[in-house]
There are 4 protein chains.
Amino acid sequence: MIIVLKPNQRQETINEFVNKLTTNYDVQVNTWVGTQSTVLGLIGDTTAIDSEYVAAQEFVESVKRVQEPYKKANRKFHPDNTVISLPTGQKIGDGSLALIAGPCSVESEDQICEIAESVKRSGAMFLRGGAFKPRTSPYAFQGMKAEGLELLSKAKKKTGLPIVTEIMSIEHLPLFEDVDIIQVGARNMQNFELLRQLGKTRKPILLKRGLANTIEELLMSAEYIMAEGNEQVILCERGIRTYETMTRNTLDISAVPVIKKLSHLPVIVDPSHASGINWLIEPLAIAAAAIGADGLIIEVHNDPSHALCDGAQSITPVQFDALAAKVKKLSETVRAL
Amino acid sequence: MIIVLKPNQRQETINEFVNKLTTNYDVQVNTWVGTQSTVLGLIGDTTAIDSEYVAAQEFVESVKRVQEPYKKANRKFHPDNTVISLPTGQKIGDGSLALIAGPCSVESEDQICEIAESVKRSGAMFLRGGAFKPRTSPYAFQGMKAEGLELLSKAKKKTGLPIVTEIMSIEHLPLFEDVDIIQVGARNMQNFELLRQLGKTRKPILLKRGLANTIEELLMSAEYIMAEGNEQVILCERGIRTYETMTRNTLDISAVPVIKKLSHLPVIVDPSHASGINWLIEPLAIAAAAIGADGLIIEVHNDPSHALCDGAQSITPVQFDALAAKVKKLSETVRAL
Amino acid sequence: MIIVLKPNQRQETINEFVNKLTTNYDVQVNTWVGTQSTVLGLIGDTTAIDSEYVAAQEFVESVKRVQEPYKKANRKFHPDNTVISLPTGQKIGDGSLALIAGPCSVESEDQICEIAESVKRSGAMFLRGGAFKPRTSPYAFQGMKAEGLELLSKAKKKTGLPIVTEIMSIEHLPLFEDVDIIQVGARNMQNFELLRQLGKTRKPILLKRGLANTIEELLMSAEYIMAEGNEQVILCERGIRTYETMTRNTLDISAVPVIKKLSHLPVIVDPSHASGINWLIEPLAIAAAAIGADGLIIEVHNDPSHALCDGAQSITPVQFDALAAKVKKLSETVRAL
Amino acid sequence: MIIVLKPNQRQETINEFVNKLTTNYDVQVNTWVGTQSTVLGLIGDTTAIDSEYVAAQEFVESVKRVQEPYKKANRKFHPDNTVISLPTGQKIGDGSLALIAGPCSVESEDQICEIAESVKRSGAMFLRGGAFKPRTSPYAFQGMKAEGLELLSKAKKKTGLPIVTEIMSIEHLPLFEDVDIIQVGARNMQNFELLRQLGKTRKPILLKRGLANTIEELLMSAEYIMAEGNEQVILCERGIRTYETMTRNTLDISAVPVIKKLSHLPVIVDPSHASGINWLIEPLAIAAAAIGADGLIIEVHNDPSHALCDGAQSITPVQFDALAAKVKKLSETVRAL
């Protein structure tokens, strides 16, 4: 951390501040006195130092962090890729392309089982499906809730596909026993209480990037989970909010290589929410596979025009089958580049 | 709701769709057949119709809502301003400018009581103070929690100022008995489970706009609370996330008159979070008062450079005193314009 | 400028780089050697040093500018406010609120003269009106061009109001002889060739902030004009592009105090383009006057629904008259605060 | 175009407005009278109708365009892909992946010729290099200008690679005789006078998307060029401005398939400006090739750390060679999918 002081400060003030830093934190402070201003350089573990606190000192001109504010999610302290391994053998982050597919929301036993069997045939390794649905409107369909989770379990029993589904409140956690990967949605990325509680579970957490959150904030939210002891976090880029209205969100494809550089955690891409348009899902899935995503999470519905939510961004099982074949082939080419 | 169909659709398909709409929803459908395309016009209560569901139909070209998707928050159905009245007499939305002031976080009994007394002398009608603090980093100070709430109660007892403080998880609700106005922070604006539960309480809710949420989404979140029976919602504009880095957020000052046009709910402004810079708070407070905000929520700290959070955006009691005098005078002028 | 080097660099490499900096630029370099990394601190005139060039050095970890990259527009080197004074006596930046009003585009002699006389009666000191119109569509009305400028001159002769109008290409400059203040539109804010040429004129330049330009970039564009010798630059905040669609743009009201802190140049606000909605113009004008803008530029049309452009964001002369009275009164109150 | 009228309008007003539309434009108007409001549906060529003009009518509630406002760039009226063919045989848009490479700016004969020969060996088909450089700061290196263009010609003579270089002012056009493809930079995307003049030339124009411009605005700017008779336009996605600061801009990868759906014009991607970071260029180039871009424009410098501009986002000839081999292989796989 580099702290630029305002010109003409009393030496005592500076000394007092330096003492406070070295007393309270595990850091050393080097002082560089220039002709016009003084700069303090902090060495050691600065993650616990609040840069806003430093900036609030009236003799401080500006603060610059050199070290990242996250530790457990940081590749510097954990150079090897984290691989998420389910007891049933499925893996995310091992170099393969994990396909997670299923409907926006679970609607009936027939629907979820039919889709599960279909996406499994096409190569999906995980079944997604919403039981608790975060909807902008209180008047929209909110998911089948507990019943939806039971139907997911039935589909899992039939197909062997592990379940990925979203949690909206920690009070529902007891219902998630048979869920294999718990998803935190974009709107809850900074619901810190939820993150903390999920950090106490021992299930992998799929953490989606918030609509207007930076990559650093996403890593800090992962840190919340990891700081409680659960290091099985999968990050998901699902599009960010920009001024462009042609697509529902703007897929920040650069986030994949950037996160992989900064962190050891696996990164997957959600082309369905990123675009909001079904014909865009395949090209975005291809781009994500090409750039090295560890997986894709895709909305598939046997009858998109009757889907109870997000129909406009769902593809059919037939379309998913074509997509899966293409990204598989592409992945192989990319790995051989 | 206006639905433009793709060209050359079979009449049967259209009829079937129209039947479905009139059967499931309380609407009438008018059909306008053009030479190239057909347009359906829906009249009645379209709030329950999911426009995404409509857009997902393969014969639909595009959908345009004419009616707003919110009802209880809509000024059309409730032309008079909602006024929030506390049992102790304080009001928000009655044409006066409500001043809510206090520290980012409660730090000690002395601190909170001293600030409370000071801001009261300057004309504040409500005391704010964080007990549960949402922080980007798990390693940053997270607030005094239950103890912080107790200290707020002590300050309330001493000064008579009602308490405004943030809730981060519905599990903490029992601790909020002595709290007068419960705040939902920007990061939880779309934590729908929390909103729903707060809708079941009978306390006024201060709902902050999310960092990247539209005005319509803010009103939809208010609708979540109101749909459960709690119509005492105060909306708060606190800056949105843009590309500009000179300020922490960009205060969307237009949101005040826009919300007042669309809704009957009171709207206040938070210049502290909007700017993140203490010398900007006064000019933004003045602009907010001039444009007709129903109140201001401002971070005041007796020693900003030692504040445990957000010091850089706190002003001192002396600065608050000057600010309060100015906005009071300005409010009077504006009301007389 | 503070340059953080990557760890473990050879001393020779560092020395060579430091020599290059001190040889090519008027700076001194102080070196601070930490246990893990080395930091260089540059003192002197760093405006000519390209921070991208520095960042591109493979041994550089990161670069932080301490000094602003603009000089002539910088308040540090020019503490007093710049006041723009026209030969005919009108002033911008002297503490008064300059009202600039007129139609989006000049349409006929009757139209422009009638509006000019009307806005003058209401207190406008300058007449605005578009002759060259930048339109998104090549098929939209592009302005009356040279003829429009002639009509503006006629209105000026009749009313004595100085003319403010936009230039779109430096080739048109000879036509602008009778124009008093030349406007550079948002889309041309970084048309550096145009800025440079206008820097060679001796007319005040009204420089509008680009749709997605930072405040620093706006000041750098002013610097382009000033570096050529023309220091009469008026800056204009006219809304920036964000994800919010309720308003055409998002008025960044904070830009007014921020620019005034950083620069000595006058700052005006354009509530018409910021909102794009006529009923929002008055509240935004009031907020801008309250926060200390040096002026307002407002679209006024005698018949908005027949305006050849931007009718939806024009107000009538009657509405302008009410607005002018209000902002005048408010300005007086604010100056007395 | 669908026009929703406000409730309770006089029939005469509506008739008068309808008459005006049918008289002035080549459209038919269908009226649909609902119980609460009336909707007008316009059929025919609505591109010349200004939707802002319509929205400004006081009896209009809202306007919705059904037809796109661009014609010549519209795939609906020109289903086949446009292929740009240079007299020397190079093509863009024919299904191959065109590689355009070279330094940010031309610095010397040796530099440009060396890089040209090197990128040619690696498979580049076009040489890029800046002679006129748009720089945020007036104090930064502004390019070698006319001399730079001469050096590009020398490199072209040596290697046979056609030249792609940026124009900043139409006054410089005479110097561009030997240039093969004229580039319009992001900052000039809405410099309509420049676009119009380039529309009168017969050289292909490479039009870059502005930092904050929508895809529709990009197509409208292409329309400006095409409306003047020059239909050889190549569009370029180069990243848009968002709140994320980890990358210089956010590459909007979805723009590639979206533009290809809407328009017949070729689309290329600029991963150098999109990321601003050299190690990100290869992954972004791979994603762009995978998603079907018609080409890539990449900054290559033989000595990035001594580049006079944009060094941080340049790759070396050796890195470009590896990148070119990878995207070539990938393109083949993608075409075979």
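Anyway, here's the lowdown on the structure attached to this text. These numbers come from a predicted model, not from an experiment.

## Overview of the relation of the copies chain A and chain D
Okay, step 1: Least-squares fitting of chain A to chain D yields an RMSD of 0.0 Å, with the superposition described by an axial translation of 0.0 Å and a rotation of 180°. The superposition of one copy onto the other is thereby described by a two-fold rotation axis. In terms of proximity to the rotation axis, the leading residue of chain A is A:A287, whose C-alpha is 2.3 Å off the axis.
Okay, step 2: The overlap is high: 100% of the interface residues of chain A also sit at the interface in chain D, so the same surface is used on both sides.

## A closer look at the pattern of salt bridges
Okay, step 1: This model, assessed by the stated rule, comprises 68 salt bridges over all chains.
Okay, step 2: Taking the shortest distance from any N to any O, the salt bridge between B:R135 and A:D50 comes out at 2.6 Å. Residue B:R135 is located in the loop between β8 (126-128) and α4 (146-159), and its partner A:D50 is located in the loop between β3 (38-44) and α2 (51-55); the two belong to separate chains.
Okay, step 3: For A:D50, a relative accessible area of 16% corresponds to the buried category.

## Section: the state of the cysteines
Okay, step 1: Within the structure shown, the criterion is met by 0 disulfides over all chains.
Okay, step 2: The thiol of A:C113 is not disulfide-bonded; the next cysteine sulfur, from A:C104, is found 18 Å away.

## Some thoughts on the side chain of B:E68
Residues and elements named next belong to chain B.
Okay, step 1: Along the chain, E68 falls in the loop between β4 (60-64) and β5 (84-85).
Okay, step 2: In this structure E68 comes out as buried when scored by relative accessible area, which is 17%.
Okay, step 3: Of the polar contacts made by the side chain of E68, one reaches the side chain of N74; its length is 3.1 Å.
Okay, step 4: At 3.3 Å, the side chain of E68 forms a polar contact with the side chain of K76.

## Side note on the relation of the copies chain A and chain B
Okay, step 1: With an RMSD of 0.0 Å, the fit of chain A onto chain B corresponds to turning through 180° and sliding 0.0 Å along the axis.
Okay, step 2: Most of the interface of chain A is mirrored in chain B, where 100% of its interface residues are also at the interface.

## Overview of the sheet that holds strand β4 (residues 60-64) of chain C
All names here are of chain C.
Okay, step 1: In spatial order, the strands read β2-β3-β1-β4; together these 4 strands make up an open sheet with antiparallel pairing. Of all the strands in the sheet, the pair left with one neighbour each is β2 (27-33) and β4. Going across the sheet, the axis of each strand differs from the next one's by a mean of 20°, ignoring polarity.
Okay, step 2: Seen against the sheet, helix α1 (residues 11-24) touches β1 (2-5), β2 and β3 (38-44) and runs at an angle of roughly 155° to β2.

## Focus: helix α1 (residues 11-24) of chain A
Okay, step 1: For α1(A), which comprises 14 residues, the first-to-last C-alpha distance of 20 Å matches the rise-based estimate of 20 Å (1.5 Å per residue) to within 8%.
Okay, step 2: Next to the buried residues of α1(A) lie β1 (2-5), β2 (27-33), β3 and α2 of chain A.

## Here's the deal with the packing of helix α6 (residues 215-227) of chain C against helix α7 (residues 255-262) of chain C
In a pair of packed helices, the angle between the axes and the distance between the axes together describe the arrangement.
Residues and elements named next belong to chain C.
Okay, step 1: Relative to each other, α6 and α7 sit at 50°, their axes nearing to 11 Å. Viewed along their axes, α6 and α7 adopt a mutual orientation that is oblique. Two packed elements cross with a definite hand, and for α6 against α7 that hand is right-handed. In contact with I215, L218 and L219 of α6, α7 contributes A255, V258, I259 and L262.

Criteria and thresholds
- Within each chain, residues carry numbers counting from 1 in the order of the written sequence.
- Each chain gets a letter, beginning with A, and each ligand a number, beginning with 1, in the order they are written.
- Predicted model: local features are reported for residues with pLDDT of at least 70 only, side-chain atom pairs are reported and counted for 80 or more only, and whole-chain, interface and lining totals are derived from all residues.
- Working from all heavy atoms in the structure, the side-chain values ignore hydrogens and water.
- The copies were overlaid by least squares, fitting only the C-alpha atoms of residues that reach a pLDDT of 70 or more in each copy.
- What makes two residues a contact is simply this: any of their non-hydrogen atoms within 4.5 Å.
- For this analysis, a salt bridge means a side-chain nitrogen from Lys or Arg found within 4 Å of a carboxyl oxygen belonging to Asp or Glu.
- Numbered from the N terminus, helices here are DSSP runs of H or I no shorter than four residues, and strands are runs of E no shorter than two.
- Here's how the labels work: a residue is buried when its accessible area is under 20% of the maximum for its type, exposed when over 50%, partly exposed in between, all with a 1.4 Å probe on protein chains only.
- Put simply, a disulfide is two cysteine sulfurs that come within 2.5 Å.
- Polar contacts, as used here, are pairs of N or O atoms within 3.5 Å; protein pairs need one atom able to donate a hydrogen and one able to accept it. Residues neighboring in sequence count only if both atoms are side-chain atoms.
- Strands are labelled as partners when DSSP assigns at least two bridges between them.
- Comment: axis = line fitted to C-alpha atoms, over the contacting stretch for helices; angle = value between 0 and 180 degrees taken between N-to-C directions.
- Multiplying 1.5 Å by the residue count of a helix minus one yields the expected span of that helix.
- An angle below 35 degrees is read as roughly parallel, one above 145 as roughly antiparallel, one from 65 to 115 as roughly perpendicular, and any other as oblique.
- Each crossing is labelled by how the near helix is turned from the far one, with a counterclockwise turn of less than a right angle marking it left-handed and a clockwise turn marking it right-handed.

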